[in-house]
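Chains, contacts and geometry: an overview
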Amino acid sequence: MIRVILTIVWLVLATKVTATTARGTLRLPLHPQEVNDLVLQNRINLFKTRAISNYLTNVDILEFQGFPLPKRKKAFMRHIKHLNEQLEWAYLTNETLNDSHYEILYEITLFYHSFQQAAIMDANVIKSRKEQIELYRTAKKSLRAFSYRIPVDQKKVEEEIDSPYWHHVPDSLLYKQFDKLAKEKKVKTKKQMIVLFDGLSYSGSAPKVKGLDLDYDNEWSLKWGDEVHTDVLGSRIFAALGYDVDHPYFYGKDELTLVFPPDQTVKNAQQLKDSILLVYDVDLTHFISSYGEIDDQLIKNEKKLKPFFGYSYVRFLKCALEGRPDRVKRIGSILPNHLSNNQRRPLRAALLAHAFIGNWDTREENTCLTTVHDGNYHYRISAIFSDLGTSFGVKVNAFPPDFKVGLVNEFEWEVFQLKRNKIVLKNSINAMLDPYVKANYEDLKWMAQLIGRLDGETLKKMIAETGWPAPIAELYFHKLASRRANILEAFAIADRHPISFDRHFNFIENGIYIIKDGELKVDYKRLENPESFLEKKGRERNYGH
Amino acid sequence: MGIRFLFVLFLFWTGIHSFSQGIETQRKYGFEQGTGFSSFIDKGGEINGFSLFHHSDLTYYDLYFDTPNFDLAEQGYSLRMRKKEDGEGGYAYVFQLKSEMETANGVRMEVEETELDFYLLLHKEVKIDLATFLDSLFNKMQLVKEKGTSEIYQSYLDALAAWIDFKAGAPIVPFQKLHFLMSDLFSIEGIKKLRPVLIGQSVRSRSHIYLNAENSLQKTGEILSNKTVESETPEFFKTNSKACWLFESSLDESVFYPLFQSSLKSVQLSEFEVENKFPMPEKSLVLMNEFEAHLKVEYGLFNTLNSKYLQSILAFRE
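Residues numbered from 1 in each chain as written. Chains lettered and ligands numbered in written order. Predicted model: local features only at pLDDT ≥ 70, side-chain atom pairs only at ≥ 80, totals over all residues. Heavy atoms only, no water.

1. Observations concerning the packing of helix 11 (residues 345-357) of chain A against helix 13 (residues 441-452) of chain A
Residues and elements named next belong to chain A.
- It is at 8 Å that the axes of helix 11 and helix 13 come closest, and there the two elements cross at 55°. Viewed along their axes, helix 11 and helix 13 adopt a mutual orientation that is oblique. Crossing of helix 11 over helix 13 shows right-handed handedness. The residues of helix 13 that touch helix 11, namely those facing Arg345, Pro346, Arg348, Ala349, Leu351, Leu352, Ala353 and Phe356, are Glu442, Asp443, Leu444, Trp446, Met447, Ala448 and Ile451.
- Class assignment for the residues of the contact of helix 11 with helix 13 results in 11 nonpolar, no polar and 4 charged. (Axes fitted to C-alpha atoms, helices over the stretch in contact; angles between N-to-C directions. Helix = DSSP H or I, 4+ residues; strand = E, 2+ residues; numbered from the N terminus. Parallel < 35°, antiparallel > 145°, perpendicular 65-115°, else oblique. Left-handed = near helix turned anticlockwise from the far one by under 90°. Contact = heavy atoms within 4.5 Å. Nonpolar A, V, L, I, M, F, W, Y, C, P; charged D, E, K, R; others polar.)

Encoded structure:
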């Protein structure tokens, strides 16, 4: 009897433990030189590990190669000190190095280089014209760069073990994975959101501002423009494929209220518009649904607005809200080009994941090494693919430099061009990171198998989260199903969940062909969708307004 | 593009330069026994429109470190390990480096290591975490009669000496800061010379100092309201929403014992400290000056600058 009770208790505890994503291993078959440098005669090289830990925790070290280092977050420093203490004790007690010590050595090395990389990337936020043209050239070049000979003898693709770069997602959790990750990070959304304005943001090219929860605990990034639908879907698909991601959510008309606390530099809707115009050259006017001061009527409908009586507010036709939870500390890039990370299959195979969603902006800046606080001062390293919104149909313009995303007609029906003995990837990307260049047929086949696990129901549910109007959403569903089938065909993978699609799909509304023969024909409800699904002028040309 | 770049650059620059870390604004006062000041703090009440709410008495245990030449005291710093009641039935442990106050308006540098429970050391050949080790040390202090005799703490002092010797180059905030501030004196070899020099305990009576709406209007011409975020607002101000939190005060009654040869066995100190909590510097400065003036008239308080550590060391070394 006691044994039965103990077994039940163990099972309950085990279920609880597995509810949180496990860290996985960072070790590679061959340790990178930077990790080997931290070992001396099979013991910790204390001088070098301390140098790294000191660098990551000493707030008086302010620069790297003349660039200001980012602010060190308390939780991050705490985590580094925990790791360092384990190494120190191993050194003090003459322990021979084991796998767990190596895991720590990998981790502090990653953080060290990622932190320095962040200093360089932060200093290079604004791209020069020359750099913009280079991105355009790379994108052109990438269309000819990724072709793969189909091997005569196809090897079985080995299973991948979990790591901070990728986790296996069970079939039953594919759709839920995004929410599971969000829950672990304590990202909580509501149907009607109230966000307090907390400052302007200057990174990236899409207009955005910083916001705070009503309890001041969690930060949000509030975005407008052509990525508000695409980022939502791209992140959910990447999560289902096993990657950690940021957490963007779509909010439709009047579903989000941005409140301006009086002590902020931007105090009302007009000042917000002026600031966004100055920083991003985008006129928010077309995205605003209502604005004014919080009065009794508003409070009657939403009681949580009561403490803000008299404050200015603004609401929107549509926007995206991305979580910046307190539990997640962002360090720098995931270092795809360093520390032998091009050996990692999940990173190499991400090339096909990007291609599946048609992502264009694959720069290192759009990856993020993080620590996730799992509670009780337990921190986990996790690699994030962020900013996946430059996808689902991208039109790039060299002169004047501009681009537009979410153009459903630009989103092709196929990912691969299938030839007799080779396959050619048709997606254009603006940064050919090392792992993508190193990716081989088996790597992509491994990803193709993961994509094949997405069934029609899963895709439909994910698309429903994006807030796309019905005809656009349906056309995207057909195109994604087609692209998925094309990928499986390219790798001769049997489809366990065939999804039917129609390349000649029509959508008629009030007697008008909105979609004809698989092509969007009408600038659908332009007033409600100011970024437009047809207009090719993007953020740099104010979406054609 | 040019204007946009300059605008971003300006905001980035101002962002960096407005950032500060580890600085607090406080004023310290001494007072003579028998003025009734301790009793006033205990009871709470009002002094010329400033209301005082005494909300807790907390006990602190301190272990101060310095070099054999008292270099830290000479340079105007104190380094201590502290065990303190957290007001919620538990204890917190910190390792702090503080600078002496240079002016009466009190801007002090303070950095600290807040988690001592994952630092391990060997005490009597047993692996023990630093927080538990401090528990044991301070318990010992309370149990023994001759609290200022270093021999009774010898095994503890040896364990700490070994810990400091090993950890001098480790990423521990006070060591990092010492090395940054005085790299000649506190190279890794210099840090290794640090040893415990004082042990003691304090009882801290903490109070909120606030203005009610009527007094606020009278003193400032407006009804001031709390500006702190909810998570940092004390319970008292959540239930008394019209009370505006100005300052936090603490009255410390302390006793310290030397861990080096001294003709004095112990030093007793009384100190009153006021820390600003109102985030509008110009207003709070005027109000703090007014509050201070009333305290001086009513209870004979006088400004002091020296920390408890410096006062004790000066007394023990005389």
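2. Concerning the packing of aromatic side chains
- Per the counting criterion, the structure on display carries 47 aromatic pairs over all chains.
- Here Tyr55 of chain A and Tyr112 of chain A contribute two aromatic rings whose centre-to-centre distance is 5.2 Å and whose plane-to-plane angle is 80°, an arrangement assigned as edge-to-face. With Tyr55 of chain A in helix 3 (residues 46-57) and Tyr112 of chain A in helix 5 (residues 99-123), this residue pair connects regions lying 57 residues apart in the sequence.
- Arranged with centres 4.9 Å apart and planes meeting at 20°, the rings of Tyr64 of chain B and Tyr309 of chain B form a pair that is stacked. Of this pair, Tyr64 of chain B sits in strand 3 (residues 50-66) while Tyr309 of chain B sits in helix 11 (residues 308-317), and the two are 245 residues apart along the sequence. (Phe/Tyr/Trp six-rings, centres within 6.5 Å; stacked < 30°, edge-to-face > 60°.)

3. Observations concerning the pattern of salt bridges
Residues and elements named next belong to chain A.
- Summed over the entire model, instances satisfying the criterion amount to 54 salt bridges over all chains.
- A salt bridge links Arg363 to Glu365, with the nearest nitrogen and oxygen atoms 3.8 Å apart.
- Looking at Glu365, the relative accessible area reads 30%, which means it is partly exposed.
- Measuring nitrogen to oxygen at the nearest pair gives 2.8 Å for the salt bridge that ties Asp374 to Arg380.
- Linked by salt bridges that have partners in common, Lys223, Asp231, Asp246, Glu322, Arg324, Arg330 and Asp387 make up one network. (Salt bridge = Lys/Arg side-chain N within 4 Å of Asp/Glu carboxyl O. Buried < 20%, exposed > 50% of the residue type's maximum accessible area, 1.4 Å probe, protein only.)

4. Looking at empty space enclosed by the protein
All names here are of chain A.
- Counted by the stated rule, this structure contains 4 cavities of 30 Å³ or more.
- Quantified by volume, the largest cavity comes out at close to 70 Å³.
- In terms of lining residues, the largest cavity is bounded by 13 residues, among which His167, Leu181, Tyr243, Asp244 and Ser382 are the most central.
- Among the elements that line the lining of the largest cavity, the one with the most residues is strand 17 (residues 379-385), at 3 residues.
- Tallied by class, the residues present in the lining of the largest cavity amount to 6 nonpolar, 5 polar and 2 charged. (1 Å grid on protein atoms, 1.4 Å probe; cavity = no way out; pocket = protein on both sides within 12 Å on 5 of 7 lines; lining within 4 Å. Points joined across faces, edges and corners; volume = space filled by probe spheres on them.)

5. Observations concerning the interface of chain B and chain A
- Contact residues are listed per partner, giving 27 residues for chain B and 28 residues for chain A.
- Linking chain B to chain A there are 5 salt bridges.
- Its salt-bridge partner being Glu88 of chain A, residue Lys167 of chain B comes within 2.7 Å of it at the nearest N-O pair.
- Joining chain B to chain A, the criterion identifies 10 residue pairs in polar contact (both at pLDDT 80 or more).
- Every element with two or more residues in the side of chain B that touches chain A is listed here: helix 1 (2-17), strand 7 (120-123), helix 5 (154-167) and helix 6 (173-181) of chain B.
- The element that contributes the greatest number of residues to the side of chain B that touches chain A is helix 1 of chain B, accounting for 6 residues. (Polar contact = N/O pair within 3.5 Å; in protein donor to acceptor, adjacent residues only side chain to side chain.)

6. Concerning the confidence of the model for chain A
- With 96% of its residues at a pLDDT of 70 or more, chain A shows a mean pLDDT of 92.
- Low confidence marks residues 9-18 of chain A, where pLDDT is under 50. Its contacts with residues over four positions away, or in another chain, come to 0 contacts. (pLDDT = per-residue confidence, 0-100.)

7. Quick word on the environment of Ser386 of chain A
Residue and element names in this part refer to chain A.
- Within the fold, Ser386 resides in the loop between strand 17 and strand 18 (395-397).
- With 18 residues separating them in the primary sequence, Ser386 and Cys368 have C-alpha atoms 6.9 Å apart.
- In contact with Ser386, other than residues within four places in its own chain, are Asp246, Arg330, Asn366 and Thr367.

8. Description of the nonpolar core
- Membership of the largest hydrophobic core comes to 136 residues, with the highest contact counts inside it found for Ile237, Tyr243, Leu258, Leu272, Leu352 and Phe491 of chain A.
- With 10 residues, the single largest contributor to this core is helix 15 (residues 470-490) of chain A.
- If sequence neighbours within four positions are ignored, Tyr243 of chain A has contacts with Tyr165, Trp166, Leu181, Phe238, Pro346, Ala349, Ala350, Ala353, Phe385, Trp446 and Met447 of chain A.
- By size, the runner-up hydrophobic cluster in this structure holds 46 residues, among which are Tyr153, Leu157, Ile172 and Leu178 of chain B. (Core = buried A, V, L, I, M, F, W, Y, C linked by side-chain atoms within 4.5 Å.)

9. Here's the deal with helix 11 of chain A
All names here are of chain A.
- Compared with an ideal rise of 1.5 Å per residue, which puts 13 residues at 18 Å, helix 11 spans 19 Å between its outermost C-alpha atoms and is within 8% of the ideal.
- At Leu351, helix 11 shows its maximal kink, close to 30°.
- For helix 11, the buried fraction is high: 13 of the 13 residues fall into the buried class. (Expected span 1.5 Å × (residues − 1). Bend = angle between axes of the 7 residues up to and from the residue.)

10. A short note on the layout of surface pockets
Residue and element names in this part refer to chain A.
- The calculated volume of the second largest pocket comes to roughly 500 Å³.
- In terms of lining, the second largest pocket is formed by 20 residues, of which the most central are Leu143, Val394, Glu412, Lys426 and Ser428.
- Listing elements by their share of the lining of the second largest pocket, those giving two or more residues are helix 6 (129-145) and strand 18.
- The element best represented in the lining of the second largest pocket is helix 6, accounting for 4 residues.
- Here the residues of the lining of the second largest pocket are counted per class, giving 9 nonpolar, 4 polar and 7 charged.

11. Considering the packing of helix 8 (residues 227-240) of chain A against helix 14 (residues 456-464) of chain A
All names here are of chain A.
- It is at 9 Å that the axes of helix 8 and helix 14 come closest, and there the two elements cross at 145°. The crossing of helix 8 and helix 14 is right-handed. Judged by residue contacts, Leu233, Arg236, Ile237 and Ala240 of helix 8 engage Leu459, Met462 and Ile463 from helix 14.
- Looking at the contact of helix 8 with helix 14, its residues break down into 6 nonpolar, no polar and 1 charged.

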